[in-house]
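What the coordinates show
Next come the chains, spelled out residue by residue.
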Amino acid sequence: MDDPTFKLVTGNRLRDGAVVYFASAGIWTPRIDDARLVEEKDGAALLAEAQAGPPPHPAVGPALIDAVRDGDRVVPATLREKIRASGPTVAYRAA
Amino acid sequence: MYRYDEFDRKFLAERVAQYRDQVRRRLAGQLSEDEFRSLRLMNGLYLQLHAYMLRISIPYGTLSSAQLRGLAEVARRWDKGYGHFTTRQNIQFNWIKLEETPDILAHLAAVQLHGIQTSGNSFRNITTDPFAGVAGDEIEDPRPYCEIVRQWAALHPEFSFLPRKFKIAINAADADRAAVKIHDLGLYLRRSDRGEIGFAVTVGGGLGRTPILAQTVRDFVPRRELLAYISACLRVYNQYGRRDNLFKSRIKILVQALGIEKMRQEVEDEYAAMGDEREALALPDEAVAAMQAQFAPPAYADAAGDDAELAQAAASEPDFARWIERNTRPHKQAGHASVVISLKPVGRPTGDCSASQMRTVADLADELSFGEVRVTHDQNLVLPHVRKSALYDLWLRLGAGDLATPNIGLASDIIACPGLDYCGLATARSIPVAQALAVHLAGREAAIGPLQIKISGCINACGHHHVGHIGILGLEKNGAESYQITVGGSDGEQAALGGIIGPAVAAHEITATVDRLIDAYLRLRRDGEQFPDTYRRVGLAPFKEALYVAR
């Protein structure tokens, strides 16, 4: 049987664009492993909670994505989100 | 090159101040993202996968050494130490923090650079031949006309909200080194039988979801009428271009829908109806001459004796000779050459350049190329005017900075967009595909000869895959990366769109597939032919067959 798929909310941090994940009211974390995961049926409520709060909202473009648990780790379902979570797959040039 | 006047400087300072206030209000929560997005995009700031991305316009790919140092400083101080040169002759920084962007733009304004009109539905960077002003086959330097059109197009009130973005390319030589036919509007500089300078005007080129090559709307527009005539073209597009469907909004779709005859009629009718406006937009000879003076050739040394010296150095060092053969181009001035600096060291991300490399190139430009640098649409740099007696020293110093890969125009000189490693629009990765292919092909690229491989990570085709000799388009299929391969494209004066060779392949199958296509080409080609020549002669079938038989 496939691992159960969870929902979590991700966005980019307003001030610097860094990838962040919704952890709890007003708290966004750069570590996907610290993201709050909910079952599919609770996704809409999670997104609403993540979007709440006074401006400026700390994250730009909050969106629900799919992920599975792998032990203590949280692994996004899509390659795009895997790359967002762990950075480009290619080395970049050092200064 | 063009230097800002007082008006330009004042305008840019005001723009940076406005932007600084917009960012302040955004960070204070007074502007929502919906309200702020278009304001940041108007200054070239996108939001990508990992961070904000700042796209800086490099007008017609011409940079001064001071500007390149300015870009190096952005890379060092505000990014992760590198920038990425693009197929639009621009540069992008991938790791930008919103809160630092006002300082970055102020820093860039001091070296006469900005990100204005690198986004949005208006004129984008005007592009041209990277060898403008130095190529022997050129009628006139196109850059004064690029600058005239740039000034006309900058914040043009009537054309700031076009149906979609609009790209103009200008080429002034026999060979088309500006990929004019894949641009919304193209200008080929011509000299008439009577010795008059003017332009052939093309419209409706573009890649993306619906690749179409441009067609000629008028064979000769005298240069005096240039701005008035392209205004007429833009008015037709602005009026009839589709605003109801993003995928049909470019001028190429309008030209396709109307047909070139009807398009031509519409433009000519509009032009005729402009009446007095034509005179208001006329380009007097004195204005052109004043702009040409800004692009006057530098004071070249008498270097006629340099050829013998160069021949001697090349004869004694095969690696140097190979670099000379691959990475230098003829210069109209005796004893000089233009040098192409490869930003494609085999196995590294294509088009990336570190801050220290930028500074190295800027220093070399000051010392050996009158302080001038060009950016090519295939993501390399050019030192346009180097004395041949200086080439050996230059080669050594470029080599020390990993900037002397002798692969220009060869299989490892691959164009690739940032792809899914960075870009919010991408559906598959491009850079790793380019890296793997370059590593795989580098050993036999000299035997293969000129070959252009171009890779895009999505249908938008920033990597120009449709016009690659071998084109690779990254797609997503059932959650996995998948690559559609085309052959036979080219972007020169005989521009052609590549043909699809079969079903898309998985990432791990690309190298073997490209190998078979190259093997087929080497079997099929006749003496003196390059890939597009062979393709024009034999068509798609033998290439398809090469893959089919192998399967």
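What you see is a predicted model, and the numbers here were worked out from it, not measured in a lab.

**Brief notes about the pattern of salt bridges**
- Scanning the entire structure with this criterion turns up 52 salt bridges over all chains.
- Here Arg224 of chain B ties to Glu279 of chain B by a salt bridge, and the two come within 2.5 Å at their closest N and O atoms. Placement of the pair is Arg224 of chain B in the loop between strand S10 (215-222) and helix H6 (226-240) and Glu279 of chain B in helix H9 (residues 276-280), with a sequence separation of 55 residues.
- The class for Arg224 of chain B is partly exposed, based on a relative accessible area of 37%.
- A relative accessible area of 51% places Glu279 of chain B in the exposed class.
- Taken together, the salt bridges that share partners define one network made up of Arg13, Arg15 and Asp16 of chain A together with Glu99 of chain B.

**Things to note about the sheet that holds strand S4 (residues 82-85) of chain B**
Residue and element names in this part refer to chain B.
- Strand order in the open sheet formed by five strands is S1-S2-S5-S4-S13, and the pairing between neighbours is antiparallel. In this open sheet, the two edge strands, each paired with only one partner strand, are strand S1 (45-47) and strand S13 (352-354). Across the sheet, the axes of successive neighbouring strands diverge by a mean angle of 30°, strand direction being ignored.
- Docked against the sheet, helix H2 (residues 33-41) engages S1 and strand S2 (52-56), running at close to 130° with respect to S1.

**Some points on the side chain of Ser490 of chain B**
Residue and element names in this part refer to chain B.
- Inspection of the secondary structure assignment puts Ser490 in the loop between strand S19 (480-487) and strand S20 (499-500).
- Among the polar contacts listed, one links the side chain of Ser490 to the backbone oxygen of Gln494, at a separation of 3.2 Å.
- If sequence neighbours within four positions are ignored, Ser490 has contacts with Val467, His469, Ala495, Ala496 and Pro532.

**Structural notes on the sheet that holds strand S6 (residues 127-128) of chain B**
Residues and elements named next belong to chain B.
- Reading across from one edge, S6-S7-S8-S9-S10 is the order of the five strands in this open sheet, with mixed pairing throughout. Each end of this open sheet is capped by a strand with a single partner; those strands are S6 and S10.
- Sitting on the sheet, H6 touches strand S8 (185-191), strand S9 (197-203) and S10, and the angle it makes with S10 is about 155°.
- Across the sheet, helix H8 (residues 260-273) touches S9 and S10, and the angle it forms with S10 is around 30°.

**Here's the deal with the domain arrangement of chain B**
Residues and elements named next belong to chain B.
- For chain B, the domain assignment lists domain 1 (6-110), domain 2 (134-294), domain 3 (306-400) and domain 4 (415-550).
- Distance between the C-alpha centres of domain 1 and domain 4: 33 Å.
- Each partner contributes to the interface: domain 1 provides nine residues, whereas domain 4 provides ten residues.
- Taking both sides of the interface into account, the surface hidden between domain 1 and domain 4 amounts to around 760 Å²; carbon and sulfur atoms contribute 57%.
- Counting the surface domain 1 buries against domain 4, the share from its top three residues, Gln48, Leu49 and Thr87, is 56%.

Criteria and cut-off values
Residues numbered from 1 in each chain as written. Chains lettered and ligands numbered in written order. Predicted model: local features only at pLDDT ≥ 70, side-chain atom pairs only at ≥ 80, totals over all residues. Heavy atoms only, no water. Salt bridge = Lys/Arg side-chain N within 4 Å of Asp/Glu carboxyl O. Helix = DSSP H or I, 4+ residues; strand = E, 2+ residues; numbered from the N terminus. Buried < 20%, exposed > 50% of the residue type's maximum accessible area, 1.4 Å probe, protein only. Pairing = 2+ DSSP bridges. Axes fitted to C-alpha atoms, helices over the stretch in contact; angles between N-to-C directions. Contact = heavy atoms within 4.5 Å. Polar contact = N/O pair within 3.5 Å; in protein donor to acceptor, adjacent residues only side chain to side chain. Domains from an automatic or database assignment. Buried area = accessible area lost by both parts, 1.4 Å probe.

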